[in-house]
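Residue-level structure breakdown
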Amino acid sequence: MHLATSCASHRLPTTAMTLSQHLDLTNTLRQPDPMNEQKTSDPHEPLRDNIRLLGSLLGDVIRRREGDRCFETIEAIRRMAKEYRSEGETRLGDVQQQLAGLRLQEVAPVARAFTHFLALANIAEQHHRTRRRRDYLRDPETPAQQGSLARTFAELLAAGVSAEALHKQIVELRIELVLTAHPTEVNRRTILQKHNRIAALLAELDRGDLLARERGRMHEALEREITVIWESDEIIRARPTPLEEANAGLLVFEQSLWDAVPRYLRNLDAELQQQTGAGLPLDVAPIRFGSWMGGDRDGNPNVTPEMTQRVCGLCRWLAADLYLREVKALRAELSLQSCSAAVRARVGDAREPHRALLRQLEKRLGQARARAEAVAHGKTASELPRCPDLQRSELWEPLTLIHDSLCAVGAEIVAHGRLQDLLRRVACFGATLVKIDIRQESTRHTAALDALAVAAGERPLSDLDEASRQATLVAELQSPRPVPDGLLASDEVRDVIDTFAVVAAESPDALGAYVISMATSASDVLAVEVLQRRTGVSTPLRVVPLFETRADLAGAPDVLTELLAIPAYREQIRSAGDRMEVMVGYSDSAKDAGLLAAAWELHRAQTRLHLIAVENGVELTIFHGRGGTVGRGGGPAHAAILSLPPGSLGSSIRVTEQGEVIQSRFGLEDIALRHLELYTTAMAEAALQPPATARPEWTQLIEQLADQSAAAYRGIVFDDAEFVPYFRGATPESELGELNIGSRPARRKAGGGVESLRAIPWNFAWTQTRLLLPSWLGIGEALGAALASEQRDILLEMAREWRFFRSFLSLIELVLAKAEPDVHRFYEELLEPPSADSLGADLRARFDNTVAAVLEVTGSKQLLAQNPVIRRSIEVRNPYVDPINVLQAEILRLFRTVPDERLRDALHMTINGIAAGLRNTG
């Protein structure tokens with residue numbers, strides 16, 4: 001069985017070449033700081049060396065494992081795609097003919113070869129970023145890197161910010177990065193671990209003192225890892241449980257964050273000391289971590305109350321294990337005989353007092369680890385070890401006691417080593433590594449309260465208007481009644497009640513916020529407050545309404561105003577230190593109205609929410625629900641924070657980190673260190689030196705642009721009857737639902753159109769075909785209309801002077817540069833009937849108009865003219881992604897007719913490959 005039986009078999013060239021031949025990755029795949037250039041003629045030669053080495057080793061593995069014919073087939077395809085790209089053409093039909101003679105059993109190795117090559121290139125690029133940064137920092141003559149602690153603090157002080165104000169701002173920072181398990185990370189945990197080992201071996205190869213024999217062994221080790229990867233099944237065969245999802249997500253703590261965090265805090269302490277005269281207190285950690293893994297039950301029936309409990313146990317288990325390793329190492333180190341009186345009072349006449357105290361902590365950690373492991377494995381209460389969960393204070397108290405003791409006996413240098421790093425870990429990670437948020441959809445809470453009302457012979461909450469709902473809920477808040485025993489309720493209601501029971505039983509150390517998705521009213525917030533009290537939650541979680549659609553964002557300020565006008569709720573906020581939190585959703589708002597309209601509505605909503613909070617004397621934290629792609633609010637975090645509304649940040653922010661973004665930002669220690677630094681400096685700069693407020697004529701024009709772009713976007717996506725069938729036919733949207741890369745279903749409900757599809761597969765499908773439509777549709781129409789009007793000069797002024805708009809345009813440039821309409825047209829021609837041609841042609845014409853409009857607004861002659869490194873990296877990757885797209889389209893055509901299991905596997909491999917090639921996919 002051939003892939004394309006209508007095409008004649010194409011004779012393959014016999015000349016063998018390595019996979020990396022002609023590869024010209026002369027620049028890193030991300031835009032570096034201009035100040036970061038090394039003083040060499042070609043600082044990227046080590047990257048090319050790494051790519052050539054990895055490509056050569058992969059080629060050797062393919063020859064050995066699959067044979068010469070397979071290797072030569074792959075090389076012929078790669079060479080052809082590269083030649084066409086170098087001529088400025090895609091000519092995918094010619095690549096298709098080259099693939100026509102493939103036997104079915106040959107499809108998977110070809111797809112895997114290109115996929116693994118791109119993955120290896122990613123590893124090399126990530127390592128090169130680390131190498132470049134370290135080389136730069138070693139040079140004493142280079143200025144501080146842009147966005148670094150040293151440079152940002154110096155610039156703020158030079159701009160007139162006092163040392164006291166800078167120190168206070170940093171100490172009061174509360175940045176929480178919330179890791180989510182959204183299905184955009186297509187790699188299995190085991191493959192990610194192998195990728196990390198390859199990165200570590202590349203780092204070893206950089207050593208200047210390696211002997212030839214040692215270097216040879218390193219090459220053997222690399223080939224061994226690549227062989228194991230090639231022989232491993234990279235496809236996730238079964239949909240992961242939320243527990244498995246969390247286990248994969250927590251990998252980043254073991255592999256990098258556990259060591260990156262104390263390094264980051266040491267650097268921050270040193271920089272503060274140098275530039276302000278005061279260091280960072282030991283108990284302060286400006287950045288902490290949260291998680292939705294195991295707690296996000298919105299539309300995910302697999303996240304049960306028991307599952308949330310087990311994931312909490314998993315977090316505690318990993319935390320206890322990591323702490324136990326550190327405490328054992330510390331005990332081996334602290335053999336001092338002298339100690340403070342406080343330590344002596346605790347350990348008696350022990351010869352080595354600090355070790356004696358650490359031995360007690362080691363025993364407690366062992367007990368806590370055993371209990372957490374049992375919880376993670378789903379043991380019943382009677383089967384659990386008879387010890388309580390570990391609390392943060394049980395770590396902090398003995399460690400600070402030892403720290404003070406060492407300082408008291410003149411051993412400060414010892415106290416400031418491993419022990420201080422361990423204390424800083426406790427300050428950041430607590431006893432659980434992360435705090436898990438609970439998320440549920442608003443109507444589920446109403447249904448639960450309806451069931452309680454009916455059981456009590458009262459009128460259901462859903463029958464009342466908003467004012468009556470608020471009055472009923474406030475009365476219940478002031479005199480809460482327990483949930484009656486033996487409540488007869490549906491499974492969905494029971495699930496809500498049992499979830500609150502888990503919240504009541506779990507330690508506050510383990511849980512973060514309670515997020516209400518699809519929140520639209522003040523009563524949605526009050527409902528959760530009531531349910532917490534009725535179910536016996538002694539330390540209620542803070543309740544965070546999530547405003548997702550454009551209409552919900554527009555209504556968010558009114559909801560906040562209503563809430564703060566309710567005396568009972570206002571008193572509750574006062575008891576919480578006059579702090580509250582609101583979440584804004586980037587994904588669904590963009591899917592609902594298009595990216596430009598969503599971006600402006602988010603900006604405007606945050607401005608208004610901040611003003612309302614200030615007027616009411618409340619400190620507001622805004623939780624940003626950002627995704628990986630630009631279409632879901634993704635992009636560089638540093639630029640995103642600096643483009644937020646002036647004054648809207650204060651000292652606190654929460655941000656989701658999703659899918660493959662977690663690995664790309666935090667998978668390697670030095671890169672994680674840089675991202676932690678960038679979050680800190682962006683927050684400091686935004687709070688202490690906010691940008692100027694937008695001029696009235698700018699806001700008036702952006703309102704107009706938002707409405708025009710939303711109308712154009714919705715006119716296609718929601719109003720054109722041909723669009724949904726076209727979308728499902730010309731992209732792998734339907735097949736993505738079969739991928740086992742997430743525990744949550746792709747749709748909130750069966751059937752329906754785009755509105756029922758979650759934002760992740762909506763973006764993922766368009767990324768696979770490389771049209772990236774959700775990230776640009778509607779923008780060209782709005783910009784084009786303004787350029788042709790008397791408002792042209794205002795628009796150009798906005799692009800030059802308004803940080804928010806300038807940042808938005810830079811993201812759109814990146815999207816447009818990555819998009820390949822010709823590739824999408826290939827899918828359309830292969831998968832859609834001729835009647836769909838007009839819609840596809842219209843979409844591509846809109847794309848071209850958007851490119852022209854963006855170039856005219858930015859004053860550039862080509863996309864990414866100001867970012868040649870990124871532009872070049874995209875161009876270099878294209879020839880390696882093109883063949884995977886051709887394969888995917890062919891496989892889709894066949895699979896939709898003959899759903900062969902081998903075709904399904906090959907399809908999944910192509911999805912992995914395109915994701916590796918484009919990096920941020922969901």
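Residues numbered from 1 in each chain as written. Predicted model: local features only at pLDDT ≥ 70, side-chain atom pairs only at ≥ 80, totals over all residues. Heavy atoms only, no water.

**Remarks on the overall build of the chain**
Scanning the chain from N- to C-terminus turns up 37 helices and 8 strands. Taken over C-alpha atoms, the radius of gyration comes to 28 Å for the chain, in line with the 29 Å a tight globule of 922 residues would show. In terms of overall dimensions, the chain has C-alpha extents of about 85 × 75 × 60 Å along its principal axes. When the 922 residues of the chain are sorted by exposure, 61% land in the buried category. In the chain, of all internal contacts separated by at least 6 residues, the share reaching a separation of at least 24 is 82%. Of the roughly 34600 Å² of accessible surface on the chain, a fraction of 50% belongs to carbon and sulfur atoms. Side chains of the chain carry 108 positive and 125 negative charges; the gap between the two charge centres is 5 Å. (Helix = DSSP H or I, 4+ residues; strand = E, 2+ residues; numbered from the N terminus. Rg over C-alpha atoms; globule rule 2.2 N^0.38 Å. Buried < 20%, exposed > 50% of the residue type's maximum accessible area, 1.4 Å probe, protein only. Contact = heavy atoms within 4.5 Å. Areas by Shrake-Rupley, 256 points an atom, 1.4 Å probe, with all protein chains shown as cover. Lys, Arg positive; Asp, Glu negative; His and termini not counted. Charge placed at Lys NZ, Arg CZ, Asp CG, Glu CD.)

**Looking at the packing of aromatic side chains**
Enumeration according to the criterion identifies 20 aromatic pairs in this entry. Residues Trp258 and Tyr323 carry aromatic rings whose centres are separated by 5.1 Å and whose planes lie at 75° to one another, so their mutual orientation is edge-to-face. With Trp258 in helix H10 (residues 251-276) and Tyr323 in helix H11 (residues 305-333), this residue pair connects regions lying 65 residues apart in the sequence. For Trp258, a relative accessible area of 5% gives the class buried. Pairing Phe727 with Trp766 gives two aromatic rings, centres 5.3 Å apart and planes at 20°, and the pair type is stacked. Here Phe727 is found in helix H28 (residues 723-730), whereas its partner Trp766 is found in helix H30 (residues 759-768), with 39 residues between them in sequence. One aromatic cluster is present, built from ring pairs that chain together Phe253, Trp258, Phe289, Tyr323 and Phe429. (Phe/Tyr/Trp six-rings, centres within 6.5 Å; stacked < 30°, edge-to-face > 60°.)

**Examining the packing of helix H5 (residues 149-158) against helix H26 (residues 669-688)**
Between two packed helices, what matters for the description is the angle formed by their axes and the separation of those axes. Packing of H5 against H26 brings their axes to within 10 Å, and their N-to-C directions diverge by 10°. Relative to H26, H5 is oriented roughly parallel. Judged by residue contacts, Leu149, Thr152 and Leu156 of H5 engage Glu677, Thr680, Thr681, Ala684, Glu685 and Leu688 from H26. Tallied by class, the residues present in the contact of H5 with H26 amount to 4 nonpolar, 3 polar and 2 charged. (Axes fitted to C-alpha atoms, helices over the stretch in contact; angles between N-to-C directions. Parallel < 35°, antiparallel > 145°, perpendicular 65-115°, else oblique. Nonpolar A, V, L, I, M, F, W, Y, C, P; charged D, E, K, R; others polar.)

**Observations regarding the sheet that holds strand E4 (residues 511-517)**
Read once around its circumference, the closed barrel built from 8 strands follows the order E1-E2-E3-E4-E5-E6-E7-E8, with strand pairing classed as parallel. Strand after strand, the sheet turns through a mean of 25° between neighbouring axes, direction not considered. Here helix H19 (residues 522-534) sits on the sheet in contact with E4 and strand E5 (542-547), set at roughly 150° to E5. Those strands touched by helix H23 (residues 595-615) are strand E6 (579-585) and strand E7 (619-625), and its axis lies near 160° from that of E7. (Pairing = 2+ DSSP bridges.)

**Regarding helix H27 (residues 696-717)**
For H27, with 22 residues, the first-to-last C-alpha span of 31 Å sits near the 32 Å given by 1.5 Å per residue. Buried residues of H27: Trp698, Leu701, Ile702, Leu705, Ala706, Ser709, Ala710, Ala712, Tyr713, Ile716 and Val717, and no others. (Expected span 1.5 Å × (residues − 1).)

**Quick look at H10**
Residues three or four positions apart in an α-helix share a direction because the helix packs 3.6 residues into each turn. Here H10 contains 26 residues, and its C-alpha end-to-end distance of 36 Å stays within 8% of the 38 Å for a straight helix at 1.5 Å per residue. Of all the bends in H10, the greatest, near 55°, is centred on Leu257. Once H10 finishes, Gly277 follows within two positions and takes phi at roughly 85°, a positive value. (Bend = angle between axes of the 7 residues up to and from the residue.)

**Digging into the nonpolar core**
Soluble globular proteins: nonpolar side chains tend toward being buried together. Grouped together as the largest cluster of nonpolar side chains are 143 residues, with contacts concentrated most on Phe253 and Phe289. Tallying contributions element by element places H11 first for this core, with 12 residues. Ignoring any residue separated from it by four or fewer positions in sequence, one finds Phe253 in contact with Leu179, Trp258, Phe289, Phe429, Leu433 and Val434. Counting 137 residues, the second-largest nonpolar core is a separate cluster that includes Leu58, Ile716, Leu772 and Phe895. (Core = buried A, V, L, I, M, F, W, Y, C linked by side-chain atoms within 4.5 Å.)

**Thoughts on the packing of H23 against H27**
Remark: H23 packs on H27, axes separated minimally by 8 Å, with the N-to-C direction vectors making an angle of 140°. Classified by the angle their axes make, H23 and H27 are oblique. In terms of crossing hand, the pair formed by H23 and H27 is left-handed. Counted together, Leu596, Ala597, Trp600 and Arg604 of H23 and Thr699, Ile702, Glu703, Leu705, Ala706, Ser709 and Ala710 of H27 form the full contact between these two elements. Considering only residue class, the contact of H23 with H27 consists of 7 nonpolar, 2 polar and 2 charged. (Left-handed = near helix turned anticlockwise from the far one by under 90°.)

**A closer look at the confidence of the model for the chain**
Of the residues in the chain, 92% reach a pLDDT of 70 or more, and the chain-wide mean stands at 88. Contacts for the low-pLDDT stretch residues 4-40, under 50 throughout, to residues beyond four places or in other chains number 107 contacts. (pLDDT = per-residue confidence, 0-100.)

**Some points on the pattern of salt bridges**
Enumeration over the complete set of coordinates arrives at 74 salt bridges. Between Lys168 and Glu172 there is a salt bridge whose closest N-O contact spans 3.0 Å. Placement of both Lys168 and Glu172 in helix H6 (residues 163-172) is noted, with a separation of 4 residues, approximately one turn of the helix. Take Glu172: its relative accessible area is 34%, and that puts it in the partly exposed class. In this structure, Glu669 engages Arg263 in a salt bridge whose closest nitrogen and oxygen atoms are separated by 2.8 Å. (Salt bridge = Lys/Arg side-chain N within 4 Å of Asp/Glu carboxyl O.)

**Focus on the environment of Ile884**
Mapped onto the elements, Ile884 comes out in helix H36 (residues 868-895). Assessed through its relative accessible area of 0%, Ile884 is described here as buried. Put simply, Ile884 and Ala111 are 773 residues apart on the chain and 6.1 Å apart in space, counted from C-alpha to C-alpha. The contact partners of Ile884, leaving out residues within four places of it in the chain, are Phe114, Thr115, Leu118, Thr910, Gly913 and Ile914.

**Details of the environment of Tyr514**
With respect to the element layout, Tyr514 can be found in strand E4. Distance from Tyr514 to Arg665, taken between C-alpha atoms, is 26 Å for residues 151 residues apart in sequence. When near neighbours in sequence (up to four residues on either side) are disregarded, Tyr514 contacts Ile438, Gln440, His445, Phe500, Val528, Leu541, Arg542, Val543 and Val544.

**Let's talk about unusual backbone geometry**
Despite not being glycine, Leu433 shows a phi value in the positive range, around 70°. With respect to the helices and strands, Leu433 occurs in the loop between helix H15 (412-429) and strand E3 (435-441). Phi is positive for Leu864, which is not a glycine, with a value near 60°.

**Remarks on the side chain of Thr910**
With respect to the helices, strands and loops of the structure, Thr910 is situated in helix H37 (residues 901-918). By relative accessible area, Thr910 is classed as buried at 0%. A polar atom in the side chain of Thr910 sits 3.2 Å from the side chain of Gln888. Within the structure, the side chain of Thr910 is placed 2.6 Å from the backbone oxygen of Leu907, a separation counted as a polar contact. If we ignore the near neighbours within four places in the chain, the residues touching Thr910 are Ala111, Gln768, Ile884, Leu887, Gln888 and Ile891. (Polar contact = N/O pair within 3.5 Å; in protein donor to acceptor, adjacent residues only side chain to side chain.)

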